[in-house]
Amino acid sequence: MPIDRRQFIVTTAALAASAALPRLAFAAPSLDDLYEAAKAEGEVTWYVVPMSSESAERAGAAFTAAYPGVKVNVVRSTAEVAFQRLNQDISTGVANCDVLTTSNIAHAMDLKSRDLLAIYTPIRKDEVFEEFRGIDPDDAYHVSVAGPMSIVYNTDKVTEVDAPKNWPDLLDPKWTDHVAIGHPGFSGYVGMWAVKMKELYGWDFFETLAEINPHIGRSSIDVVTTTASGETLVGAGPTASALISAAKGNPIAVIYPTDGTVVITSPSAILADAPHPNAARLFSEFLLGPEFAEVVAADFGNPIRPGVPLAAGVVPFDEMKVITATTDQMINGIPELAEEFRDTFGI
């Protein structure tokens, strides 16, 4: 899979070296030991971004089925809202979150730099695809979700022949008032998609997009909702959410763009003040394990573990042209781009 892992890891490691001195790593002796300790805590609270609410709830249910006696409190939101909520928790001294899974790695790095993350070395860290290992050299966070962003279109109103085949096709004037995107100031997925569009096509891409009056939602998932309903006809949305909607009978399909599917890698981290630390460690193991991978695959996603059968219509990573944001783009590019976006679109 042609993800630029070397640049990703090197940049991350350099930034991590300048962060606060990491806490001592905790390594669990076994999953059985973790489970026994987690049962005594009884629950884990998961702030999660890169999944729909329905998929996140299914993941929580799968965890409890695998580990009876430990329930999951799912709190799903966009990346910026999750980060704001977490910072409010921290500023008020209220420890709510045990595990954070965010689509914006800059948030995980910021928390680590403030010594707010626990260091944990998962037993399963080397069971995932090599491209997703070792994102943080100190084991403060680990990739647990990798989600593709593709072109979506309404199949009742757009034929496959007429559907956009690459990202600039979305700028065709025939889509005026009918193309949907999310907002990079709220969604980590959209932020990473947008920095890749800017890199590939310059800011002219967004200035041209503004001329055809796009529908702009907060979340990338909003694109799926408006396209399936027919309010919009085409857009840039999360592949898995679109395929879930199609499986429910909605008139929506995906196109893997010829110029590259944007894959968003999302890390998970345990908070240093997690009220249920053992349940948090067990849940972190679950996120890297086969049970979570099966939930991801059943919901039309691409698991980060090998050997898990994919749902119908899902293209494996090694059969798609993958493009992904560098760490520098995630940390510095997205905030700058979000301001440019507000200037161009007025929101």
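Here the structure is a predicted model, which is why all the values come from computation and not from measurement.

Enquirer: Would you mind going over unusual backbone geometry with me for this structure?
Expert: Note: most peptide bonds trans; most residues except glycine with negative phi. We note that aspartate 177 has phi near 70°; this positive angle belongs to a residue other than glycine. Here aspartate 177 is to be found in the loop between strand 4 (141–154) and strand 5 (179–181). For asparagine 213, which is not glycine, the phi dihedral falls at a positive 55°. With respect to the helices and strands, asparagine 213 occurs in the loop between helix 7 (204–211) and strand 6 (215–216).

Enquirer: Teacher, can you tell me more about empty space enclosed by the protein here?
Expert: Unoccupied space between atoms shows up once a probe the size of one water molecule is rolled over them. Taken as a whole and assessed by the stated rule, the structure comprises five cavities of 30 Å³ or more. Together, 37 residues line the largest cavity, and Pro50, Met51, Val145, Tyr189 and Ala240 are the ones closest to its centre. Secondary structure elements with two or more residues in the lining of the largest cavity: strand 4, helix 6 (188–201), helix 9 (239–247), helix 10 (277–288) and helix 11 (290–298). A total of five residues in the lining of the largest cavity trace back to one element, the largest contributor, which is strand 4. Residues that form the lining of the largest cavity fall into these classes: 19 nonpolar, 15 polar and three charged. Lining the lining of the largest cavity are residues from two domains, each supplying at least three of them: domain 1 (31–146 + 265–314) and domain 2 (147–263 + 327–345). A volume near 100 Å³ is recorded for the second largest cavity. Lining the second largest cavity are 14 residues, with Pro122, His142, Ser268, Ala269 and Ser284 positioned closest to its centre. Elements represented by at least two residues in the lining of the second largest cavity include exactly strand 4, strand 9 (261–270) and helix 10. Grouping the amino acids of the lining of the second largest cavity by side-chain chemistry returns nine nonpolar, four polar and one charged.

Enquirer: Help me understand the pairing of strand 4, please; the structure alone is not making it clear to me.
Expert: Burial of strand 4 is extensive: 14 of the 14 residues sit out of reach of the surface. As paired elements, strand 4 and strand 9 share eight bridges and run antiparallel to each other. Considered in strand 9, the bridge of valine 143 is made with proline 267. For strand 4 and strand 7 (residues 234–238), the ladder comprises five bridges, and the chain directions are antiparallel. Looking at the pairing, methionine 149 lines up with proline 238 of strand 7.

What counts as what
Each residue is numbered by its place in its chain's sequence as written, counting from 1. Side-chain atom pairs in this predicted model are given and counted only at pLDDT of 80 or more, local residue features only at pLDDT of at least 70, and totals for whole chains, interfaces and linings cover all residues. Where side-chain values are given, they derive from all heavy atoms of the structure, hydrogens and water being excluded. Working definition: helices are DSSP H or I runs of at least four residues, strands are E runs of at least two. Numbering for both runs from the N terminus. Put plainly, a pocket is an open set of points on a 1 Å grid over the protein atoms alone with protein on both sides within 12 Å along at least five of seven lines, a cavity is a set where a 1.4 Å probe fits but cannot get out, and a lining residue has an atom within 4 Å of a point. Grid points are joined across faces, edges and corners, and a volume is the space filled by probe spheres set on the points. Amino acids are sorted into nonpolar (Ala, Val, Leu, Ile, Met, Phe, Trp, Tyr, Cys and Pro), charged (Asp, Glu, Lys and Arg) and polar (every other residue, Gly among them). All domain edges in this entry derive from an automatic or database-based domain assignment. Buried residues are those whose accessible area, probed at 1.4 Å on protein chains only, stays under 20% of the maximum for their type, while exposed residues exceed 50% and partly exposed ones sit between those limits. Only strands that DSSP links by at least two bridges are regarded as paired with each other.

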